[in-house]
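Residue-level structural notes
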There are 2 protein chains.
Amino acid sequence: MPEEARSGLRERKKLDTRKALSDAALELMFERGLDNFVREDVAARAGVSLRTFSNYFASKYDALAYRVNYRIRRSAELLRSRPAEEPLWTAIAEALIEPLRDDGVPFGRPTDEQILEVRKLNATPEMQVALARNTIEDLVEAIADRTGTDPKADLYPRLVANVTVGALNAVLNRYVQTDPSVAMSSVLREVFASISEGLPPPPRT
Amino acid sequence: MPEEARSGLRERKKLDTRKALSDAALELMFERGLDNFVREDVAARAGVSLRTFSNYFASKYDALAYRVNYRIRRSAELLRSRPAEEPLWTAIAEALIEPLRDDGVPFGRPTDEQILEVRKLNATPEMQVALARNTIEDLVEAIADRTGTDPKADLYPRLVANVTVGALNAVLNRYVQTDPSVAMSSVLREVFASISEGLPPPPRT
DNA sequence: CCAGATGATTGCCTTGAAGGCAACTTTGCC
DNA sequence: GGCAAAGTTGCCTTCAAGGCAATCATCTGG
């Protein structure tokens, strides 16, 4: 059972702490830059001990990746509730897009320096690890459910999940690296439509 | 200029050291298990200092990923020399397959325990990242060349490269997770054919 | 409502990773 | 042979990861 779904004071407090730690990490990154704060700073700002930080997140990057990972988990859920007759890649695209809408702008409109920090963050291998962790498996499960395949035995759901994450990474990389004048949602729709057509060679530039 | 292409005693020695470190890491993993050796052990076996290990590889996982990364770089080269009229995904599949043939069986036929170690290794996010690092860019360049797109400005080559790596990861995961009775090359051909058809939902089991 | 059980928080500690710096050694080249 | 460039090494500091046990908060059954 996912932590988000349970109730009770204890569970809610844990969730609050996790979110507080994640937010503190993001704030510190924006204030000081990615390399100018340590886990202890994050713990201090969230009002817990360093050891407690370790109980919640395996690394600074896990804390920074929390929001994104949360969104992808939500996307996996949403994928299950998309209409059954909807084409697979449309369902995947829409499931990925919806949590982006909800999230709004957590820290106000980003300044140029903030965008630069996010770009640096996304480029680090540690961040890539943090993003890969905890998300692929949820997607594999959801896709297996939807397509009636076996997540353990069949290659198919894992393949689709990997392709999905690969595509998402490409779009995110591109989004942060160039001027985000085009809305990410429309880029995502195009990309997944293109995948469902087999990614034919000459792109319409 | 890639390190592999240069000559001279100095360059050759560096290459030898790199390979010795990578091999030592793989041997140690098979002998002791993934979690039962440290970078210092690897350095000792390769006959260099720990500090030198750090000069060659950023992490234990980078050392373990060296062979695979080397193969992928070779695949990127091979992709450029595939016939121009060949469909893109066929060219990619064949370019990925060829280096696998050359490599043979580096450590003899793997035992069950060795397969288990490789499985554990491939499952770690650290390894997934080590695999993607240093290779994606080469693939992006090669794909951009082949498709006449701009690796900086266009989303297309990055998208295809990410999808390729994602698919390769899925196959590698599957390969070590189940009995490798089917040759990897034929699985790769099927997978990329399937991608070029848009990955239609019901897989032929 | 209370007392034991269960789970969370914390401090302490050990191990390992990462990488800057300067001394020293090897290779390349004239 | 000898100088310059590049590779290797030891030493060092900082940070990360996580086991263990004590303490504290929440939960649950009587």
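Here the structure is a predicted model, which is why all the values come from computation and not from measurement.

Another aspect to go through is the pattern of salt bridges. Tallied over the entire structure, the rule returns 20 salt bridges over all chains. Of the charged contacts, one joins A:E27 and A:R45 as a salt bridge, the two residues approaching to 3.0 Å between their closest N and O atoms. Taken together, the residues A:E27 in helix α1 (residues 9-32) and A:R45 in helix α2 (residues 39-46) connect sequence positions 18 residues apart. Classification of A:E27 as partly exposed rests on a relative accessible area of 30%. Residue classification places A:R45 among the partly exposed residues on the basis of a relative accessible area of 36%. Here B:D145 makes a salt bridge to B:R80, at a shortest N to O gap of 2.3 Å.

Our focus in this paragraph is the interface of chain B and chain A. Contact residues are listed per partner, giving 35 residues for chain B and 34 residues for chain A. In terms of surface lost to chain A, no three residues of chain B exceed B:L155, B:L159 and B:L199, which account for 20% of the buried area on that side. There are zero salt bridges connecting chain B and chain A. Linking chain B to chain A there are seven residue pairs in polar contact (both at pLDDT 80 or more). Where the side of chain B that touches chain A is concerned, the elements lending two or more residues are α5 (88-103), α7 (125-132), α9 (156-177) and α10 (184-196) of chain B. In terms of residue count, the dominant contributor to the side of chain B that touches chain A is α9(B) (13 residues). Classifying every residue of the side of chain B that touches chain A by side-chain character gives 20 nonpolar, nine polar and six charged.

The next point concerns the relation of the copies chain B and chain A. Each copy of the sequence occupies a distinct position, and chain B is placed on chain A by a rotation of 180° and an axial shift of 0.7 Å, giving an RMSD of 0.5 Å. Taken together, the rotation and translation describe the operation of a two-fold axis. In terms of C-alpha distance to the rotation axis, chain B has B:G198 as its closest residue, with the C-alpha 2.2 Å off the axis. Mapped onto chain A, 94% of the interface residues of chain B again fall at the interface, so both copies present the same surface.

Next up on the list: the packing of helix α4 (residues 60-81) of chain B against α7(B). Residue and element names in this part refer to chain B. Between α4 and α7, the least distance of the axes is 9 Å, while the angle of their chain directions is 45°. With respect to α7, the element α4 is oriented oblique. Considering how the two elements wind past one another, α4 and α7 form a crossing that is right-handed. Residues Y61, D62, L64, A65, V68 and N69 of α4 lie in contact with α7, whose contacting residues are E126, M127, A130 and L131. Here the contact of α4 with α7 is built from residues that sort into seven nonpolar, one polar and two charged.

Counted under the stated rule, the structure contains eight aromatic pairs over all chains. The interplanar angle of 50° and the centroid separation of 6.1 Å between the aromatic rings of A:F53 and A:F57 together place this pair among those described as tilted. Relative accessible area serves as the criterion here: at 6%, A:F57 is assigned to the buried category. Taking 6.2 Å as the distance between ring centres and 40° as the angle between the ring planes, the aromatic pair formed by B:Y66 and B:Y70 counts as tilted. In this pair, B:Y66 and B:Y70 are both assigned in helix α4, four residues apart and thus about one turn of the helix distant. On the basis of relative accessibility, which here comes to 10%, the residue B:Y66 falls in the buried class. Through a chain of ring-to-ring contacts, the aromatic side chains of A:F53, A:F57, A:Y66 and A:Y70 assemble into a single cluster. Positioned above the aromatic ring of B:F37 is the side chain of B:K60, whose terminal nitrogen or guanidinium carbon lies 4.6 Å from the ring centre.

Per the UniProt record, "DNA-binding region" (unreviewed entry) is found at residues 38-57 of chain A. Measuring from the first to the last C-alpha atom of residues 38-57 of chain A gives 13 Å, for a span that is 75% helix and 0% strand.

What follows covers the nonpolar core. Grouped together as the largest cluster of nonpolar side chains are 93 residues, with contacts concentrated most on A:I92, A:F192, A:I195, B:I92, B:F192 and B:I195. Considering every element that reaches this core, the biggest residue donor is α9(B), with eleven residues. If sequence neighbours within four positions are ignored, B:I92 has contacts with B:L79, B:I143, B:V160, B:T164 and B:F192. Listed in part, the 22 residues of the second largest apolar core include A:M29, A:V42, A:Y61 and A:Y66.

Scoring rules and cut-offs
Residues numbered from 1 in each chain as written. Chains lettered and ligands numbered in written order. Predicted model: local features only at pLDDT ≥ 70, side-chain atom pairs only at ≥ 80, totals over all residues. Heavy atoms only, no water. Salt bridge = Lys/Arg side-chain N within 4 Å of Asp/Glu carboxyl O. Helix = DSSP H or I, 4+ residues; strand = E, 2+ residues; numbered from the N terminus. Buried < 20%, exposed > 50% of the residue type's maximum accessible area, 1.4 Å probe, protein only. Contact = heavy atoms within 4.5 Å. Buried area = accessible area lost by both parts, 1.4 Å probe. Polar contact = N/O pair within 3.5 Å; in protein donor to acceptor, adjacent residues only side chain to side chain. Nonpolar A, V, L, I, M, F, W, Y, C, P; charged D, E, K, R; others polar. Least-squares fit on C-alpha atoms with pLDDT ≥ 70 in both. Axes fitted to C-alpha atoms, helices over the stretch in contact; angles between N-to-C directions. Parallel < 35°, antiparallel > 145°, perpendicular 65-115°, else oblique. Left-handed = near helix turned anticlockwise from the far one by under 90°. Phe/Tyr/Trp six-rings, centres within 6.5 Å; stacked < 30°, edge-to-face > 60°. Lys NZ or Arg CZ within 6 Å of the ring centre and 35° of its normal. UniProt positions renumbered as here; feature names shortened; annotations may be inferred. Core = buried A, V, L, I, M, F, W, Y, C linked by side-chain atoms within 4.5 Å.

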